Amino acid sequence: MKPFRDKRRDSRPPAKGGAEQPRRRDAGLTAGSEPKLQDRSEPKATPRPLSRRDGALPAEHLPLILEVGPNQDYALLDSGAGEKLEQYGPYRIVRPEGQAIWQKALPARDWERADAIFTGDTDEEGIGRWRFPKTPLGETWPMKHDGIDYLGRFTSFRHVGVFPEQASHWDHMAGLIAAAKRPVKVLNLFGYTGLASLVAARAGAEVTHVDASKKAIGWARENQEMAGLSQKPIRWIVDDAVKFAEREKRRGSRYDIILFDPPAYGRGPKGEVWQLFEDLPALTDICRAILTPKPLAVVLTAYSIRASFFAIHAVMRDTFAGMGGTVESGELIIREKSAGRALSTSLFSRWVA
């Protein structure tokens, strides 16, 4: 359920997990703004030395389009004219969507039935940037994903605590865990409010969930209680994702599945600076280094980058050279209910053993 997006996407806030931000994950960028250039006075960690790995490249499967359609828990009802109309459980929600450059398919009366509309205006009395045309709503409301209870949230940065397009990855991961028929350890870097971690734990995995935002970790713990999964083995860790992964390598900790969903730009809890194009290859390399001898998968999702999925596909194939398996890359999309159009939300690349 998962950073700053450029105007071609959904103004996703700037950082997650390895980059704490004041809204969704305390990163210090205004949603929808361009990322600030790094201040030259800021400390920058010594780059991890990288060299191209020997061995045959993994097989490849691309483009792979992973689709989420309408269901009883979530539906993209309509989109167009820079907005999207969604159904989250009992509520209809209108939010900006920069990629919806087509025209709305549903009549205005359907859009006017919305329970919550993100306006960009700030309400100094409490919940900012949302307008409630009917009854004022609280910050949270109960939601479900595939039988897992969690809390939806009206945040001041237009998001609601879950990214439904990620359901394709969650289902795939749950299938791998079940098919393994052995103990499986999952590392969820940049974990946000924890739905992926809950799916993995319910499937039987031991999960380590890392996010730089204390607030996000608090929400994730709350979701664990809400889901009735308090007895499942989940470690909730507030830390910079890169530094945590590096320490896990030194400690000899290993994982069967790694999920990472880094921002385009962000800061860690101690001012660590993350730039996706500069830092992604090294983090991907670290992820390989902390896999078990019989790993299952590594899943990378990339929002808000001005690049083709071929770029991250090439990084993943180079990184996992000599390990066999297949690298699958493409886009995550949500299928609209009204006219059946596909709304692309992010790029992804995953290595599957």
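So, here is what we can say about the structure in this document. Every value quoted in this text rests on a predicted model; they were computed, and no experiment measured them. (Residues numbered from 1 in each chain as written. Predicted model: local features only at pLDDT ≥ 70, side-chain atom pairs only at ≥ 80, totals over all residues. Heavy atoms only, no water.)

Description of the overall build of the protein chain
When helices and strands are counted, the protein chain shows seven helices and 17 strands. By the burial criterion, 56% of the 353 residues in the protein chain qualify as buried. (Helix = DSSP H or I, 4+ residues; strand = E, 2+ residues; numbered from the N terminus. Buried < 20%, exposed > 50% of the residue type's maximum accessible area, 1.4 Å probe, protein only.)

Overview of the packing of helix H6 (residues 276-289) against helix H7 (residues 309-319)
Their axes nearest at 10 Å, the elements H6 and H7 cross at an angle of 35°. The two elements H6 and H7 meet at a crossing, and its hand is right-handed. Within the contact between the two elements, H6 uses Leu280, Pro281, Thr284, Asp285 and Arg288 and H7 uses Ile312, Val315, Met316 and Thr319. Among the residues making up the contact of H6 with H7, the classes are represented as five nonpolar, two polar and two charged. (Axes fitted to C-alpha atoms, helices over the stretch in contact; angles between N-to-C directions. Left-handed = near helix turned anticlockwise from the far one by under 90°. Contact = heavy atoms within 4.5 Å. Nonpolar A, V, L, I, M, F, W, Y, C, P; charged D, E, K, R; others polar.)

Regarding the pairing of strand E2 (residues 74-80)
Burial runs high along E2: seven of the seven residues are buried. Two strands pair when backbone bridges link them, and E2 and strand E3 (residues 83-88) are joined in this way by six bridges, in the antiparallel orientation. If you follow Tyr74 over to E3, its bridge partner there is Tyr88. Connecting E2 to the antiparallel partner E3 that follows it, the hairpin turn spans two residues, and Ala81 within it adopts a positive phi of roughly 55°. (Pairing = 2+ DSSP bridges.)

Observations regarding the side chain of Glu336
On the secondary structure map, Glu336 appears in the loop between strand E16 (326-335) and strand E17 (342-352). At a separation of 3.3 Å, a polar atom in the side chain of Glu336 contacts the side chain of Ser338. In contact with Glu336, not counting residues within four places along its chain, are Leu76, Leu77, Asp78, Ser79, Trp102 and Arg341. (Polar contact = N/O pair within 3.5 Å; in protein donor to acceptor, adjacent residues only side chain to side chain.)

Overview of helix H2 (residues 167-180)
Taking 1.5 Å of rise per residue, the 14 residues of H2 would be expected to cover 20 Å, and the 20 Å separating its terminal C-alpha atoms lies within 8% of that figure. Buried within H2 we find Ala167, Ser168, His169, Trp170, Met173, Leu176 and Ile177. Remark: Lys181 follows H2 within two positions and exhibits a positive phi of approximately 55°. (Expected span 1.5 Å × (residues − 1).)

Topic: unusual backbone geometry
Put simply, Leu62 and Pro63 share a cis peptide bond, and its omega is -10°. Even without a glycine there, the phi angle at Asp146 is positive, about 50°. The topology assignment puts Asp146 in the loop between strand E7 (140-145) and strand E8 (148-153). On the basis of relative accessibility, which here comes to 46%, the residue Asp146 falls in the partly exposed class.

Observations regarding the packing of aromatic side chains
Following the criterion strictly, the structure yields 10 aromatic pairs and no others. Measuring from ring centre to ring centre gives 5.6 Å for Phe163 and Tyr192, while their planes differ by 45°; the resulting arrangement is tilted. With Phe163 in the loop between E8 and H2 and Tyr192 in the loop between strand E9 (185-189) and helix H3 (195-202), the pair connects residues that are 29 residues apart, well separated along the chain. Across the pair, exposure class does not vary: Phe163 and Tyr192 are buried alike. Three or more aromatic residues link up through ring pairs in this structure, and these residues are Tyr91, Phe118, Trp130, Phe132, Trp141 and Phe154. In this structure, Lys104 packs its charged tip against the face of Trp111, placed 3.9 Å from the ring centre. The ring of Tyr255 carries Lys185 above its face, with NZ or CZ at 5.2 Å from the centroid. (Phe/Tyr/Trp six-rings, centres within 6.5 Å; stacked < 30°, edge-to-face > 60°. Lys NZ or Arg CZ within 6 Å of the ring centre and 35° of its normal.)

A word on the sheet that holds strand E4 (residues 91-96)
Hydrogen bonds between backbone atoms are what pair the strands of a sheet, whose relative direction is either parallel or antiparallel. Taken in spatial order, the five strands make up an open sheet running E2-E3-E4-E5-E6, and their pairing is mixed. This sheet does not close on itself; its edge strands, each paired only once, are E2 and strand E6 (130-131). In terms of strand pairing, E4 meets strand E5 (residues 116-118) through two bridges, oriented parallel. Across the sheet, residue Ile93 finds its bridge partner in E5, namely Ala116.

Quick notes on the pattern of salt bridges
In this structure the tally under the stated criterion is 20 salt bridges. Arg341 is the partner of Asp78 in a salt bridge, and the nearest nitrogen-oxygen pair spans 3.3 Å. Within this pair, whereas Asp78 is found in strand E2, its partner Arg341 is found in the loop between E16 and E17, the two being separated by 263 residues in sequence. Owing to a relative accessible area of 0%, Asp78 belongs among the buried residues under this scheme. For Arg341, a relative accessible area of 22% gives the class partly exposed. Between Glu248 and Arg235 there is a salt bridge, with its nearest N and O atoms 3.7 Å apart. With Glu248 in helix H5 (residues 241-251) and Arg235 in strand E11 (residues 234-238), the pair connects residues that are 13 residues apart, well separated along the chain. On the basis of relative accessibility, which here comes to 2%, the residue Glu248 falls in the buried class. By relative accessible area, Arg235 is classed as partly exposed at 40%. One connected set of salt bridges, linked through shared partners, spans Asp78, Glu336 and Arg341. (Salt bridge = Lys/Arg side-chain N within 4 Å of Asp/Glu carboxyl O.)

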